[in-house]
Structures are given as C-alpha cells and as structure tokens.
Amino acid sequence: MGAGAAEEADGERATFRSYYGRPIIKEPTWKVPDVPAYLYLGGMAGASSVMGALAQLRGYSRLRRVGLLCAAGGSGASVLALIHDLGRPLRFLNMLRVFKPTSPLSVGSWILAPFSALSGAAAVFEFTDLARPLGNAAAWCAALLAPAMTTYTAVLLADTAVPGWHETRRELPFVFAFSSVSAAGSLGTMLSPRAEAGPARRMALLGSIGELVASRVLEHRAGRIAEVYRSGRAGSTLRAARIMATGCAVGAVFARRGTSAAILAGLCGTAASIATRYGVFEAGRESARDPYYTVVPQREARQVEE
C-alpha cells in the first residue's frame, strides 16, 4: 500500500462510524486459554502422529514413542479443553449425534473424536506391549487423519462471520498446518535421542520456515484486515511468534551437534506454535469488536463486483 493509499485508508478509518458505535457482529464468547489451547493441541497431535509414522519407517523406536505419546496426550487434552469451553461434556457428545458435511464444526468433531480414540489406543498398545499389530494399525489410521487434524480448526474459524478469520480463509489453513508441523518436530527434536531425531529436526525446520512464510503471505493478502494482525495484543503476540519460529529453525539446524540447540528448538517451536494460535484468536476477536472491519471490506467487495 502506497503512502497516498495509506493516508486515504487512515482518513476513512478515522471518519467511519457505526450505529451508536456498537459492534455489528457478536464477538466470539470462546474462553481463554481453552480455545487457543484447543487450537494448538489438536494441530500438534496431528503432526505428531505423522512423526511417529515416519519414525516407524526408519526404525526409530524412541522417536516413534515420542510421536505416539504427543499425539495421544495432545488430542486428549484438546478434547478436554473443548469440553471445558463448552461447559458440559454432553454438549460435545451432542455434536457426534449427527454428521453434517456442510458444517465445519460437525466435521471437526468427527475428526477429533476418532483421532483421539485411535491415537490413545496406539499409545496404550505401544507402552503396554499388548496387541502390537493392533497398535500399529491404530497409529497408521490416526496418521491418515493427521492432515485434517492440523487444518480443520482453521476452517472452523474461517467459517464464522468474524472478519479477521473469514477474510483470511485461504491462508489460515496453511499457517496452522506449518505451525503444527513445527510444534511436533520441535518436541521430537527436544525429547528424542540425537541419533533418532533426524525426521523431527527436518519437521521443525520445515514447519518453522513454512509458518514464517505463510504468516507473511496471510498479512500481505489480508488487505485492511491485516491491521488486526499487526497491532495491539495480537500484533505483539504474532511478532513474538515469528521470533520464536526463527529460533526454532536455528535450533533445528544445530540440534544434531548438541543438546542445547535441541532444547532451544523444542522450547522455541512450542512457544511459536502456541503464540501463533493465540495471536490469530485475538486478531479475530478484535476484528469482531470493531464494526469498521465488518462494513468497509464488504463495501469494497461489492464495489469490485459492480
């Protein structure tokens, strides 16, 4: 955006008013930290199941166990965070009564529930040495659901009327997917022996770089909505996430040489992924509070169509 366009946008922003200065859409009532934790844990769990599958192919038993444990623990904790936000377990069970392909919430529930069951079963069979073939089958089935686990929460957010999420619906799944890969890879890098952590290091590096690029693309394409991703609490959090993602990438590069770099990658990758989810969550809530972000982008879209 050039200087003239920026000044024009600032002028329009300053003069914009809604009726009685009230928000036009209702701000999401989802709780903190329940929903940001739900967003992070589910994505990390999905990517961890893939990490476990890759480790099995390479014969890395320790890394496989880390992947299975992170997948089972993350998905289970994700369900608990969602139930706590809903207030009653029965509300989550009610979402499983019917399957609506047109509803991201319904589809997401039917992704999360079987993934949690499969990853939990795989971990139990793995750590108790019971029915190992069944455990392997459960782990691979969970890994097949992993791409959906890492992205369905982004689709769920984008399907709402919240401008900060809806206007970034094309880029948000990529941000969440790469962030999930970074989260799983960083944990595998930190918690596995260096001799087995190669796949995890590559996941941490690829995920961190991908998260940085995807986040920049999101802000570049978001137009006016990019303001909520660059300012206030969301902006500060997302800037911190980028710093941590860079630290994760650097740590992953040098993790093969020492434990300190592996710990750096693990802590930075985890912090970056959590901060990204929270920053996106806060950006959406801020865009819902301010009617400017609801009215003006819609007005511009109509002008383009005409």
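Predicted model only: the values in this text are computed from it and were never measured.

Some thoughts on empty space enclosed by the protein
All chains considered together, the criterion is met by two cavities of 30 Å³ or more. Taken as a whole, the largest cavity encloses approximately 120 Å³ of empty space. If you go around the largest cavity, you meet 13 residues; those closest to its centre are Val175, Ser215, Leu238, Arg242 and Thr276. No other element matches helix α10 (residues 198-221), which puts five residues into the lining of the largest cavity. A per-class count over the lining of the largest cavity returns eight nonpolar, two polar and three charged. In this structure, the second largest cavity encloses a volume near 30 Å³. Taken together, Tyr38, Leu82, Phe92, Leu105, Gly108, Ser109, Leu112, Tyr152 and Leu156 make up the full set of residues lining the second largest cavity. Secondary-structure elements contributing two or more residues to the lining of the second largest cavity are α5 (104-128) and α7 (146-158). Element by element, the count of residues in the lining of the second largest cavity is highest for α5, at four residues.

A few points about α7
Given a rise of 1.5 Å per residue, 13 residues ought to cover 18 Å, and the 19 Å separating the end C-alpha atoms of α7 matches this to within 8%. Considering bend angle alone, the principal kink of α7 is centred on Tyr152 and spans about 35 degrees. Here α7 has its buried residues at Ala146, Met149, Thr150, Tyr152, Thr153, Ala154, Leu156, Leu157 and Ala158. Taken together, the buried residues of α7 touch α2 (34-58), α5, α6 (132-144), α8 (163-166), α9 (172-191) and α13 (259-289).

Considering a nonpolar patch on the surface
There is a patch of nonpolar side chains on the surface, built from Val50, Leu54, Leu57 and Trp140 and spanning about 350 Å² of accessible area. Of the residues forming the nonpolar patch, the biggest block, three residues, is contributed by α2. Along the chain, Leu54 turns up in helix α2. Leu54 sits in the partly exposed class, given a relative accessible area of 36%.

Describing the side chain of Ser208
Examined against the element boundaries, Ser208 turns out to sit in helix α10. With residues up to four places along the chain from it excluded, the contact list for Ser208 reads Ser182, Ala245, Cys248 and Ala249.

What to know about the nonpolar core
Core analysis: the largest hydrophobic core is formed by 41 residues, its most contacted members being Tyr38, Leu112, Phe176 and Tyr229. The next biggest cluster of nonpolar side chains, apart from the first, holds 15 residues, and it includes Ala55, Tyr60, Cys70 and Met203.

Concerning the state of the cysteines
Taken as a whole and assessed by the stated rule, the structure comprises zero disulfides. Residue Cys268 stays outside any disulfide, its sulfur separated by 6.9 Å from that of Cys248, the closest cysteine.

A word on the pattern of salt bridges
In the structure shown here, the tally under the stated rule is seven salt bridges. A salt bridge links Glu219 to Arg242; its shortest N-O distance comes to 3.1 Å. Placement of Glu219 in helix α10 and of Arg242 in helix α12 (residues 232-254) is noted, with a sequence separation of 23 residues between them. Residue class for Glu219 comes out buried when judged on its relative accessible area of 5%. Sharing partners across several salt bridges, the network here consists of Arg64, Arg65 and Glu126.

Observations regarding the side chain of Ser119
Mapping Ser119 onto the fold places it in helix α5. Only 2.8 Å separates the side chain of Ser119 from the backbone oxygen of Phe115, close enough to count as a polar contact.

Comments concerning the confidence of the model for the chain
The predicted coordinates should not be examined in detail at positions where pLDDT is low. With 89% of its residues at a pLDDT of at least 70, the chain reaches an overall mean of 88. Per-residue pLDDT, averaged within each element of the chain, yields its smallest value for helix α1 (residues 3-15) (50) and its largest for α9 (98). Scored below 50 in pLDDT, residues 1-8 shows two contacts in the model against residues more than four places distant or in partner chains.

Considerations on the packing of α12 against α13
Where α12 meets α13, the axes come as close as 7 Å, and the angle between the chain directions of the two elements is 155 degrees. What the angle tells us is that α12 and α13 run roughly antiparallel. For α12 against α13, the interelement crossing comes out left-handed. Residue composition of the contact of α12 with α13, grouped by class: 18 nonpolar, six polar and two charged.

Scoring rules and cut-offs
Residues numbered from 1 in each chain as written. Predicted model: local features only at pLDDT ≥ 70, side-chain atom pairs only at ≥ 80, totals over all residues. Heavy atoms only, no water. 1 Å grid on protein atoms, 1.4 Å probe; cavity = no way out; pocket = protein on both sides within 12 Å on 5 of 7 lines; lining within 4 Å. Points joined across faces, edges and corners; volume = space filled by probe spheres on them. Helix = DSSP H or I, 4+ residues; strand = E, 2+ residues; numbered from the N terminus. Nonpolar A, V, L, I, M, F, W, Y, C, P; charged D, E, K, R; others polar. Expected span 1.5 Å × (residues − 1). Bend = angle between axes of the 7 residues up to and from the residue. Buried < 20%, exposed > 50% of the residue type's maximum accessible area, 1.4 Å probe, protein only. Contact = heavy atoms within 4.5 Å. Patch = residues over 30% accessible without salt bridge, like charges linked within 9 Å, V, L, I, M, F, W, Y side chains within 5 Å. Areas by Shrake-Rupley, 256 points an atom, 1.4 Å probe, with all protein chains shown as cover. Salt bridge = Lys/Arg side-chain N within 4 Å of Asp/Glu carboxyl O. Core = buried A, V, L, I, M, F, W, Y, C linked by side-chain atoms within 4.5 Å. Disulfide = S-S within 2.5 Å. Polar contact = N/O pair within 3.5 Å; in protein donor to acceptor, adjacent residues only side chain to side chain. pLDDT = per-residue confidence, 0-100. Axes fitted to C-alpha atoms, helices over the stretch in contact; angles between N-to-C directions. Parallel < 35°, antiparallel > 145°, perpendicular 65-115°, else oblique. Left-handed = near helix turned anticlockwise from the far one by under 90°.

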